[in-house]
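Structure assessment
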Amino acid sequence: MTKHVAVKRRRWLWPGLMGVVVAGCVAPGVNGAKTASAGGVSIAGPPGFCVLDQSRVWLDEAEFAALLPCESGLSFAAPQAMLTVTVDAKGSATDIDLTREALAAYFNGPEGRAALSRAGKAKTVNVQEVRETSGAVVVRMTDSSARWPGLGWRAVTAVRGRLVTLTVRGNGTKDLTLATGRRLINRFVAAMAGANRA
């Protein structure tokens, strides 16, 4: 029997974590690693993005990390973008239906929209699109409860039995355009798939 994907809301973590991320956004670029590892899952962003070491947090057997434009890769990256990855616990993707049809039904419903909401309230989220790309399901949405309520993208996939969630959004200095956000989430998904292909 399949089960719905559980998108965990860790709202208490965000105020402190966002302070670290915003501090990273102030600098012209991040001097960090282009790849990292979490629970046997390789973390890799689009060209020009690096993992912000200070952002890496363990919580409930999951690991969170943010990616920002690298100091040496600003010509390739969108400087106003912030990317995040959450690698959930071992076996967390077991028996979860990660098809576009199943996740579209879930994320368009009240439970799924509440899971996407930073405040945990379905009414704050407007799901605009649910599609598939490179083995992941991508949701385009807005969340009026978020610190930066512009367009955001969330991709859900499974890597080595772990549920992996990727996000792309503006960093507060400027909202991402539809074209930029779509390009970044597609490249983020492709980079993660390539890094974990072996």
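Rules used in this analysis
Residues numbered from 1 in each chain as written. Predicted model: local features only at pLDDT ≥ 70, side-chain atom pairs only at ≥ 80, totals over all residues. Heavy atoms only, no water. Helix = DSSP H or I, 4+ residues; strand = E, 2+ residues; numbered from the N terminus. Buried < 20%, exposed > 50% of the residue type's maximum accessible area, 1.4 Å probe, protein only. Lys, Arg positive; Asp, Glu negative; His and termini not counted. Salt bridge = Lys/Arg side-chain N within 4 Å of Asp/Glu carboxyl O. Polar contact = N/O pair within 3.5 Å; in protein donor to acceptor, adjacent residues only side chain to side chain. Contact = heavy atoms within 4.5 Å. Pairing = 2+ DSSP bridges. Core = buried A, V, L, I, M, F, W, Y, C linked by side-chain atoms within 4.5 Å. Expected span 1.5 Å × (residues − 1). Arc of directions from axis to C-beta. Axes fitted to C-alpha atoms, helices over the stretch in contact; angles between N-to-C directions. pLDDT = per-residue confidence, 0-100.

Examining the side chain of aspartate 143
One can find aspartate 143 in strand 7 (residues 136–143). No salt bridge is formed by the buried aspartate 143, whose closest oppositely charged neighbour, arginine 118, lies at an N-O distance of 5.2 Å. At 2.8 Å, the side chain of aspartate 143 forms a polar contact with the side chain of threonine 124. Here the side chain of aspartate 143 touches serine 145 through a polar contact of 2.7 Å, side chain to side chain. Not counting residues up to four positions away in its chain, the partners in contact with aspartate 143 are Leu116, Ser117, Arg118, Thr124, Val125 and Pro149.

Considering the pairing of strand 4 (residues 62–69)
Counted residue by residue, strand 4 has 8 buried out of 8 residues, so it is predominantly covered. Pairing of strand 3 (residues 49–59) with strand 4, which is carried by 7 bridges, proceeds in the antiparallel orientation. Paired with tryptophan 58 across the strands is glutamate 63, a residue of strand 4. As consecutive antiparallel partners, strand 3 and strand 4 are separated by 2 residues, and within that stretch aspartate 60 has a phi angle of approximately 50°, a positive value. Examined bridge by bridge, strand 4 and strand 5 (residues 81–87) share 5 bridges and lie antiparallel to one another.

What about the pattern of salt bridges?
Taken as a whole, this structure holds 4 salt bridges when the rule is applied. For arginine 131, the salt bridge goes to glutamate 129, with nearest N and O atoms at 3.5 Å. Arginine 131 sits in the buried class, given a relative accessible area of 10%. Judged by relative accessible area, which is 24%, glutamate 129 ranks as partly exposed. The network of salt bridges with shared partners includes Glu129, Arg131, Arg140 and Arg182.

A look at the nonpolar core
Counting residues in each nonpolar core, the largest one holds 28 residues, and the members touching the most others are Leu67, Val85, Val164, Leu166, Val168, Ile185 and Phe188. The dominant element in this core, judged by the number of residues it contributes, is helix 4 (residues 178–195), at 5 residues. In this view, valine 85 contacts Ile43, Glu63, Phe64, Ala65, Leu67, Val164, Thr165, Leu166, Phe188 and Met192; residues no more than four positions away in its chain are not counted. Membership of the second largest hydrophobic core comes to 15 residues, among which are Ala104, Tyr106, Phe107 and Val156.

So, helix 4
The end-to-end C-alpha separation of helix 4 is 26 Å, in line with the 26 Å expected for 18 residues at 1.5 Å each. Buried within helix 4 we find Thr180, Gly181, Leu184, Ile185, Phe188, Val189, Ala191 and Met192. Along the long axis of helix 4, the arc covered by the buried residues comes to 160°, so they all point the same way.

Side note on the sheet that holds strand 7
The 7 strands lie next to each other as 3-4-5-9-8-7-6, forming an open sheet whose pairing is antiparallel. At either end of the open sheet lies a strand with only one pairing partner, and these are strand 3 and strand 6 (125–133). Neighbouring strand axes in the sheet, compared pairwise and without regard to direction, differ in orientation by 20° on average. Against the sheet, helix 2 (residues 100–107) makes contact with strand 6, strand 7 and strand 8 (152–159), and its axis sits at roughly 175° relative to strand 6, the strand it touches most. Contacting strand 3, strand 4, strand 5, strand 6, strand 7, strand 8 and strand 9 (162–170), helix 4 runs over the sheet at an angle of about 155° to strand 9.

Digging into the confidence of the model for the protein
Residues at a pLDDT of 70 or more form 80% of the protein, whose mean pLDDT is 82. Every residue in residues 6–28 is under pLDDT 50, and counting partners more than four places away or in other chains gives 45 contacts.

Points about the pairing of strand 2 (residues 41–44)
As judged from the 4 bridges shared by strand 1 (residues 35–38) and strand 2, these two strands associate in the antiparallel manner. In the sheet register, alanine 38 faces strand 2, and the bridge partner there is valine 41. Taking the residues between adjacent antiparallel strands as the criterion, strand 1 and strand 2 are bridged by 2 residues, where glycine 39 takes a positive phi near 60°.

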